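Structural overview
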Amino acid sequence: MLSSVVLGLVFVTTATLIDHQTVTAINTEMAGLQDIHQRGGPGALVKALERRVAGYQGYHHVYLLATRDGEPMVGNLHHWPRVEPDSTGWLRFTVEDDTDQRRDLWPVQARVVPLASGLRLMVGRDMTERSNFAQIMEQSLAFALAAALILGILGGVVMSRNLLRRLDAVNRTAATILAGDLSGRVPVSGAGDEFDRLAANLNTMLDRIQKLIMAMRSVTDNVAHDLRSPLNRLRSRLEITLVGKPDMDEYQASLQGALEDIDTILQTFNALLSIARIEGRNATETFEPLDIAEIAEGTVELYEPVADERDQHLTFDGPGAAVAALVNGDRHLLMQTAANLVDNAIKYAPQGARIAVRVSVTDGTARLEVADDGPGIPEEHRHTVLDRFVRLEQSRHTSGTGLGLSLVAAVAELHGAVLALEDNDPGLRVVMTFVRHPQVRANA
Amino acid sequence: MRLLVVEDDAEAAAYLVKGLRESGYVVDHADNGMDGLYMATNEPYDAVVLDRMLPRLDGLAVVETLRKAGKQMPVLILSALGEVDARVQGLRAGGDDYLAKPYAFSELLARLEALLRRREGSSQQTRLHVADLDMDLLARTVTRAGRPIVLQPREFRLLEYLMRHAGQVVTRTMLLEHVWDYHFDPQTNVIDVHVSRLRQKIDKDFDTSLIQTVRGAGYRLRGSD
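Residues numbered from 1 in each chain as written. Chains lettered and ligands numbered in written order. Predicted model: local features only at pLDDT ≥ 70, side-chain atom pairs only at ≥ 80, totals over all residues.

1. Some remarks on the overall build of chain A
Helix and strand content of chain A: eight helices and 12 strands. A fraction of 61% describes how many contacts in chain A between residues 6 or more apart in sequence connect residues 24 or more apart. (Helix = DSSP H or I, 4+ residues; strand = E, 2+ residues; numbered from the N terminus. Contact = placed C-beta atoms within 7 Å.)

2. A few points about the overall build of chain B
Of the regular secondary structure elements, chain B holds eight helices and 12 strands. Pairs at least 24 apart in sequence give 57% of the contacts found in chain B among residues at least 6 apart.

3. With respect to the sheet that holds strand β10 (residues 169-171) of chain B
Residues and elements named next belong to chain B. As summarised here, the arrangement of the three strands in space is β10-β12-β11, forming an open sheet in which the pairing is antiparallel. Looking at which strands have only one partner, the edges of the open sheet turn out to be β10 and β11 (211-214). Strand-to-strand, the axes of this sheet are offset by a mean angle of 35°, without reference to chain direction. As paired elements, β11 and strand β12 (residues 218-221) share four bridges and run antiparallel to each other. Bridging across to β12, isoleucine 211 finds its partner in leucine 221. (Pairing = 2+ DSSP bridges. Axes fitted to C-alpha atoms, helices over the stretch in contact; angles between N-to-C directions.)

4. Examining the interface of chain B and chain A
Every contact between the two is made by 19 residues of chain B and, on the other side, 18 residues of chain A. For the side of chain B that touches chain A, the elements supplying multiple residues, two or more each, are α4 (84-92) and α8 (190-203) of chain B. Ranked by residue count, the leading element in the side of chain B that touches chain A is α8 of chain B, at four residues. Its residues assigned to classes, the side of chain B that touches chain A shows eight nonpolar, six polar and five charged. (Nonpolar A, V, L, I, M, F, W, Y, C, P; charged D, E, K, R; others polar.)

5. Considering helix α2 (residues 33-42) of chain B
All names here are of chain B. Taken as a whole, α2 has its buried residues at Gly33, Gly36, Leu37 and Ala40. Projected down its long axis, α2 shows its buried positions confined to an angular sector of 95°, all on one face. Packing partners of the buried residues in α2 comprise β1 (2-6), β2 (26-30), β3 (47-51) and α3 (59-68). (Buried ≥ 20, exposed ≤ 12 C-beta atoms within 10 Å, placed from the backbone. Arc of directions from axis to C-beta.)

6. Observations regarding the environment of alanine 139 of chain B
Residue and element names in this part refer to chain B. Along the chain, alanine 139 falls in the loop between β7 (133-136) and β8 (141-144). Judged by the 9 C-beta atoms lying within 10 Å of it, alanine 139 falls in the exposed class. A C-alpha to C-alpha distance of 9.5 Å links alanine 139 and arginine 127, two positions 12 residues apart in sequence.

7. Some details on the confidence of the model for chain A
Residue and element names in this part refer to chain A. Within chain A, residue pLDDT values average 81, and 88% of them lie at 70 or more. Within the model, the stretch residues 388-399 combines pLDDT values under 50 with 19 contacts to residues more than four positions away or in other chains. Low confidence marks residues 440-444, where pLDDT is under 50. Its contacts with residues over four positions away, or in another chain, come to 14 contacts. (pLDDT = per-residue confidence, 0-100.)

8. Some thoughts on the sheet that holds β3 of chain B
Residue and element names in this part refer to chain B. Spatial strand order, β2-β1-β3-β4-β5: five strands in an open sheet with parallel pairing. Of all the strands in the sheet, the pair left with one neighbour each is β2 and β5 (97-100). Strand-to-strand twist across the sheet, computed as the mean angle between neighbouring axes with direction ignored, equals 20°. Sheet topology places β1 next to β3; four bridges connect them, and they run parallel. Note that in β3 the partner of valine 5 across the bridge is valine 49.

9. Here we look at the nonpolar core
In this structure, Ile292, Ala296, Tyr303, Ala325, Ala338 and Val342 of chain A are the most contacted members of the largest nonpolar core, which totals 81 residues. The greatest single-element share of this core, amounting to 10 residues, is contributed by helix α6 (residues 331-348) of chain A. Filtering out sequence-adjacent residues up to four positions away, valine 342 of chain A remains in contact with Thr299, Val300, Tyr303, Val357 and Val370 of chain A. Core analysis: the second largest hydrophobic core is formed by 30 residues, Leu4, Leu16, Tyr98 and Leu112 of chain B among them. (Core = buried A, V, L, I, M, F, W, Y, C linked by C-beta atoms within 7 Å.)

10. What about unusual backbone geometry?
All names here are of chain B. Between lysine 101 and the following residue, proline 102, the backbone shows a cis peptide bond with an omega angle of -5°. Within the element layout of this structure, proline 102 appears in the loop between β5 and α5 (105-118). Of note, aspartate 181 is a non-glycine position whose phi angle comes to about 60°, a positive value. Here aspartate 181 is to be found in the loop between α7 (172-180) and α8. Owing to 11 C-beta atoms within 10 Å, aspartate 181 belongs among the exposed residues under this scheme.

What follows is the structure, given as structure tokens:
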């Protein structure tokens, strides 16, 4: 396409140049002849013209001196052209025959000047070359255009096929996912173009969706698992009571048991709902600056007698009275978090274990740590315990919903805190590192 | 004692009314907010048990209107919305207590009783007296039959709450809320352990134990009767 434009420009410029040169040449020649006529009269002009006509072998120049009626006197044209000149004396015409019959048709550009003697002088130039040039240019242009068109169409076809092929890849991935296979991903060509960026974004989105669906699936599975057994127990209990011939006491015992079953189910249910609410919550509106040390100390105080009953040693170690471990957060959720962590430690650490709750402030960043010297969590399980309902097989017999740590994880996320399960060697250490609070005084 | 139950779920209302009647209350029932408001404004009820989500007039609007009309009877709001925020809304609207569904009937009964009795005791008291137990709220001291009992600050507050509700059933949740300001269920028997510690201190060396366990409900400090 560009080549056609260039060709067109070359053509126009060249043609203008040729036309300009033609005009100049004719004007110069005309001026010379007029001069001869003026000095020597018609006789000298005729002689000069005869000399010129004889001297030129080709027909680059056209001369014709004619009478007022157009009767040719001297020149290399046989007839005065039938075309009338314009007001400035210029005219273009085609010579249909010539003296030596060499060519049939040739274009001429000429100027006619009426002379003082009443004669008419025409000086012109053969424009064959110019018209040839124009013809070549036209052909080239046509060719270039055709080539550009063909290349364009071909390129378009190739490109759109490429485009379609890549769009098709996206479509196929979508179809795979629609068919139920969530692992499908859009291929990335590695070209780093818009398509790759689209593919990368789509894949990130799909990863997230897959994660959410997996999470939901595991919740559903676990709800089914953890609620089915108590529901089933409840059902059997009631059914068996009805089948037998129970007396009042047996009825009472059965109903009491049923109530306990229902409480367990409700507890699991409420825990699930709380986590869902925390996860779906728009944070900050209930946030206020809180001293996490004060909250942790309150929790230790609440649980200390419970630990004591199990011969466990529960201690609290704060950052000192001079330092406030300020955290921007929700009081109730943080209280519940601290309670869950301590509750877990008491529940899973054996009799006589040491459980240490520590709050420290480093560079304005508050840290809550609950460490025990119990059996700990094997490294490979540490990540999964944060998921809902995960209870290691060894702990299945202990009471609880198994949702304690998942709730802690959800609260940590809501507060932008980093939750880490570390090896206390021996035992487990859960560390919650909060985001820096602007009002926190530097650690003394 | 005359109670009004405003609850639109017919079955839930039937159980509630039956349970409350069996506990010795005279109970009326309204199944929508408008009727509930009308009855509460025109009849001398001692307390209202109000569902939060009601047809025709929302529960919160009922409490607000009642309070504007100058009705000061205790209102216990029941709601399926269990979040702390929802609770705060309910109390702000003029409710006296808030109980999330599903609740244990014993819990409702205990809270209702606490609301009905609350107006009798004055908060200006400086001394509490139950049976042979004496508490000086200013000096922070406790004696039983004249013998001093040393209590930790939290034990003191626990005993104070029990004494203020002497003769009433006090549930574990009520203790968690009022003594520890915990609005969630800690899953472990933390309260039982605290109460048993307190019991060790005040009942151990005496023939009658004052702190009684109410099966399936909570605790009760034996009243002066």
